[in-house]
Amino acid sequence: MRYVSTRGQAPVLNFGDAMLTGLARDGGLYVPESVPQFSGDEIAALAGQPYEEVAYRVMKPFVSETFSEDELRGAIKRAYAGFGHAARAPMVQLAPNHFLLELFHGPTLAFKDFAMQVIGQLFQIELEKRDQKITIVGATSGDTGSAAIEAFRGLDNVDLFILFPHGRVSEVQRRQMTTPIEGNVHALAMDGDFDDCQGKLKDMFNDFTFRDEVGLAGVNSINFARVLAQIVYFFTAAVALGAPHRKISFTVPTGNFGDIFAGFLAKEMGLPIERLVIATNQNDILHRCLEAGDYTKRGVTPSISPSMDIEVSSNFERALFWAYGKDGAAIAALMDELKTNGSFTVSPNAIGALRAVYDSGAVGEGRTMEEIGDSLRETGELLCPHSAVGVNVAKQALQRDPATPMVTLATAHPAKFPDAVEEATGIRPPLPPRMADLFERDERVTRVPNDLAALEALIRERRRK
Ligand SMILES: Cc1ncc(COP(=O)(O)O)c(C=O)c1O
Ligand SMILES: N[C@@H](CCOP(=O)(O)O)C(=O)O
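Per an unreviewed UniProt entry, the protein carries the name Threonine synthase and comes from Thioclava arctica. You can read under Sequence similarities (unreviewed entry) in the UniProt record for the protein the words "Belongs to the threonine synthase family."

Set out below in structure tokens:
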């Protein structure tokens, strides 16, 4: 399996190199040159298998030239051993044709753990084989950061720097990033929003002198390995509801587009997915783009679902790559336009291709709060604000197509956003016992400016040589 850049100008790599490279050297994102196909029988055979076995079968064709069967099975086994639910991704029924896929039973209580725990294991295997040290820099709107810290804390061959937007993550999210004591972990609170953090991360990747000097690697969903591990739960959920003999739709609370793009790849692999529904909060650039064919930045407004406060949605580039018939030059031109003008127009053919796969909806703050209360009353489920956005958009989609079972992804635990949940329901969801002292732990964080030279200087100084 070879991996190519969405902008068509970077070296073609195998999985191991693509995983350790992160952003392609032409600024694009790596994608598999061709997508492995699963037959109906292969999909049917996944029914009733443990999550780890489905993960092995789904991931294997993408990675088999880099990892042996034993290495991959071992990595997956270790990755999920610490999850707080035997099913890993259990599903509950909300209404006759509406299901909630709970993706918050991992160590940091968000869906990010599903991929981050696996790639933490895969990175370690590959770095040991290569006797290599790396500097990981990650950008987070709240959840990727703690998941990355949990996966890479204490490793001798990895220094980890996490950039988060100062004052724009929940207090639980911030403390999850600022309280780990390991010396290889550095939480950096940056002036600006998540797009600024991710922008600086990409600038670092595009500064080849810095990139090569520090051995820069990325664990955001710009890294294809992250997206790959997120494909698995689309399979477990769909098979549990009758795939391949029945079509299933998914609604995905969306920001950086990594999760829903994993769903797209599952569909490409042969999983019978009817619709993939993009659910956004008031930062609705993706919904507006699907509606009007126009991707135009307006500025991010902070919301009660802060992890989705994103306007430069990285993985949308991967979706566009497919929609433009894998024309790297066209994608490079669109991304240049976005950087220069803050907007681009999707061609009629490409918007048609996107609409053939994706639906979308946006939910404002008031409605999100109401949905948290409604869901609790109607179903007994206490939702985090991101999952509430998903459930509300899914309900609208179910009105358009009541016949196809809908799975909404619950992307974070309500205890990560206690203030919003308490305001909506009167209930303050408690953290699990292992995190009960989170508010008593000392915090260690560095305020940093939105300035590339300053950030690079800090990373050069702090990383272990
Ligand atoms: C809780 C939560 N929900 C939804 C999202 C959006 O996911 P994606 O960025 O993959 O679109 C994020 C962040 O990525 C998140 O942390
Ligand atoms: N919502 C994310 C933003 C980064 O997303 P990623 O999937 O690209 O890592 C977060 O919580 O940090």
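Still to come is the rest of the account.
Q: Could you clarify how one ought to interpret the site of ligand 1 in this entry?
A: Around ligand 1 there are 15 residues in total, and K112, D143, G255, N256 and T411 lie nearest to it. Between ligand 1 and K112, the relevant distance is 2.4 Å, taken from an oxygen atom to a side-chain nitrogen or oxygen of the residue. Between ligand 1 and D143, the relevant distance is 2.5 Å, taken from an oxygen atom to a side-chain nitrogen or oxygen of the residue. For ligand 1, whose accessible area on its own is 380 Å², the fraction buried by protein is 98%.

Q: Is there a simple way to think about the pattern of salt bridges in this case?
A: In the structure shown here, the tally under the stated rule is 37 salt bridges. Between R175 and E171 there is a salt bridge, with its nearest N and O atoms 3.2 Å apart. Of this pair, R175 and E171 both sit in helix 7 (residues 171–178), four residues apart, roughly one helical turn. Residue R175 is classed as buried on the basis of its relative accessible area, which comes to 11%. K395 serves as the salt-bridge partner of E378, at 3.2 Å between the closest nitrogen and oxygen. One end of the pair, E378, is in helix 16 (residues 365–379); the other, K395, is in helix 17 (residues 385–400), with 17 residues separating them in the sequence.

Q: Teacher, can you tell me more about the confidence of the model for the protein here?
A: Detailed reading of the predicted coordinates is not advisable wherever pLDDT is low. Predicted confidence across the protein gives a mean pLDDT of 98, with 100% of residues reaching 70 or more. In the model output, the complex is listed with pTM 0.98 alongside ipTM 0.99.

Q: When you look at the sheet that holds strand 5 (residues 134–139) in this model, what are you seeing that I'm missing?
A: Whenever strands of a sheet pair, they do so through backbone hydrogen bonds, lying parallel or antiparallel. The five strands lie next to each other as 8-5-6-7-15, forming an open sheet whose pairing is parallel. Strands with a single pairing partner mark the edges of an open sheet, and in this sheet they are strand 8 (216–217) and strand 15 (446–448). Set on the sheet, helix 8 (residues 194–206) makes contact with strand 5, strand 6 (158–165), strand 7 (185–190) and strand 8; between it and strand 5 the angle comes to about 150 degrees.

Q: Help me out: how do you make sense of the sheet that holds strand 13 (residues 358–362) in this one?
A: Pairing is mixed in the open sheet, where six strands are placed in the order 3-4-14-9-10-13. This sheet does not close on itself; its edge strands, each paired only once, are strand 3 (91–95) and strand 13. When strand polarity is set aside, the average angle formed by the axes of neighbouring strands in this sheet is 25 degrees. In the sheet, strand 9 (residues 248–253) pairs with strand 10 (residues 273–280) via five bridges, with the strands oriented parallel. Following the sheet pairing, F250 is matched in strand 10 by L276. Against the sheet, helix 11 (residues 258–269) makes contact with strand 9, strand 10, strand 13 and strand 14 (406–410), and its axis sits at roughly 175 degrees relative to strand 10, the strand it touches most.

Q: What is the right way to read the packing of helix 4 (residues 69–80) against helix 5 (residues 112–130) from this model?
A: Each packed pair of helices is defined by two parameters, the angle between the axes and the distance between the axes. In contact at an axis separation of 8 Å, helix 4 and helix 5 are set at 135 degrees when each is read in the N-to-C sense. As far as their axial angle goes, helix 5 and helix 4 are oblique. Here helix 4 runs over helix 5; the crossing is right-handed. Where helix 4 abuts helix 5, its residues E71, L72, A75, R78, A79 and Y80 lie against F114, Q117, V118, Q121, L122, I125 and K129. The residue inventory of the contact of helix 4 with helix 5, partitioned by class, reads eight nonpolar, two polar and three charged.

Q: Whenever I open this one, the packing of helix 11 against helix 13 (residues 316–323) confuses me. Can you help?
A: Two elements in contact, helix 11 and helix 13, have axes whose closest approach is 10 Å; the angle formed by their N-to-C orientations is 35 degrees. Residue-level inspection shows F261, F264, L265 and E268 of helix 11 in contact with helix 13, the latter providing R318, A319 and W322. By residue class, the composition of the contact of helix 11 with helix 13 is five nonpolar, no polar and two charged.

Q: Looking at this model, I keep getting lost on the UniProt feature "domain: Threonine synthase N-terminal" (unreviewed entry) in the protein. Mind explaining?
A: In the numbering used here, UniProt assigns the "domain: Threonine synthase N-terminal" (unreviewed entry) feature to residues 2–80. In residues 2–80, the share of helix is 47% and the share of strand is 8%. The end C-alpha atoms are 27 Å apart.

Q: What exactly am I supposed to notice about the site of ligand 2 here?
A: In the neighbourhood of ligand 2, 13 residues make up the surrounding shell, with T140, D143, T144, S221 and N256 lying closest. Contact between ligand 2 and T140: an oxygen atom at 2.6 Å from a side-chain N or O atom of the residue. When ligand 2 is considered free in solution it has 340 Å² of accessible area, and contact with the protein chains removes 96% of it. Its residues placed into classes, the shell around ligand 2 shows two nonpolar, eight polar and three charged.

Q: Which parts of the structure should I look at to understand the packing of aromatic side chains?
A: Centre-to-centre distance and the angle between the planes together describe a pair of aromatic rings. Under the counting rule described, the total for this entry stands at 23 aromatic pairs. For the ring pair Y51 and Y80, a centre distance of 5.2 Å and an interplane angle of 75 degrees mean the geometry is edge-to-face. Of the two residues, Y51 is situated in helix 3 (residues 51–63) and Y80 in helix 4; the sequence distance between them amounts to 29 residues. Look at Y80 and you get buried, because its relative accessible area is 0%. Both rings, one in F234 and one in F250, keep their centres 4.9 Å apart while their planes meet at 65 degrees; by these two values the pair is edge-to-face. Within this pair, whereas F234 is found in helix 10 (residues 224–240), its partner F250 is found in strand 9, the two being separated by 16 residues in sequence. Each of the two residues, F234 as well as F250, counts as buried. Within the aromatic cluster, the residues linked to one another by ring pairs are F257, F261, F264, Y295, F316, F321, W322, F344 and Y358. A cation over a ring is seen here: R25 above F208, with NZ or CZ 4.4 Å from the ring centre. Above the ring of Y56, the side-chain terminus of R73 is found at 3.8 Å from the ring centroid.

Conventions and cut-offs
Residues numbered from 1 in each chain as written. Chains lettered and ligands numbered in written order. Predicted model: local features only at pLDDT ≥ 70, side-chain atom pairs only at ≥ 80, totals over all residues. Heavy atoms only, no water. UniProt positions renumbered as here; feature names shortened; annotations may be inferred. Near = heavy atom within 4 Å. Polar contact = N/O pair within 3.5 Å; in protein donor to acceptor, adjacent residues only side chain to side chain. Areas by Shrake-Rupley, 256 points an atom, 1.4 Å probe, with all protein chains shown as cover. Salt bridge = Lys/Arg side-chain N within 4 Å of Asp/Glu carboxyl O. Helix = DSSP H or I, 4+ residues; strand = E, 2+ residues; numbered from the N terminus. Buried < 20%, exposed > 50% of the residue type's maximum accessible area, 1.4 Å probe, protein only. pLDDT = per-residue confidence, 0-100. Pairing = 2+ DSSP bridges. Contact = heavy atoms within 4.5 Å. Axes fitted to C-alpha atoms, helices over the stretch in contact; angles between N-to-C directions. Parallel < 35°, antiparallel > 145°, perpendicular 65-115°, else oblique. Left-handed = near helix turned anticlockwise from the far one by under 90°. Nonpolar A, V, L, I, M, F, W, Y, C, P; charged D, E, K, R; others polar. Phe/Tyr/Trp six-rings, centres within 6.5 Å; stacked < 30°, edge-to-face > 60°. Lys NZ or Arg CZ within 6 Å of the ring centre and 35° of its normal.

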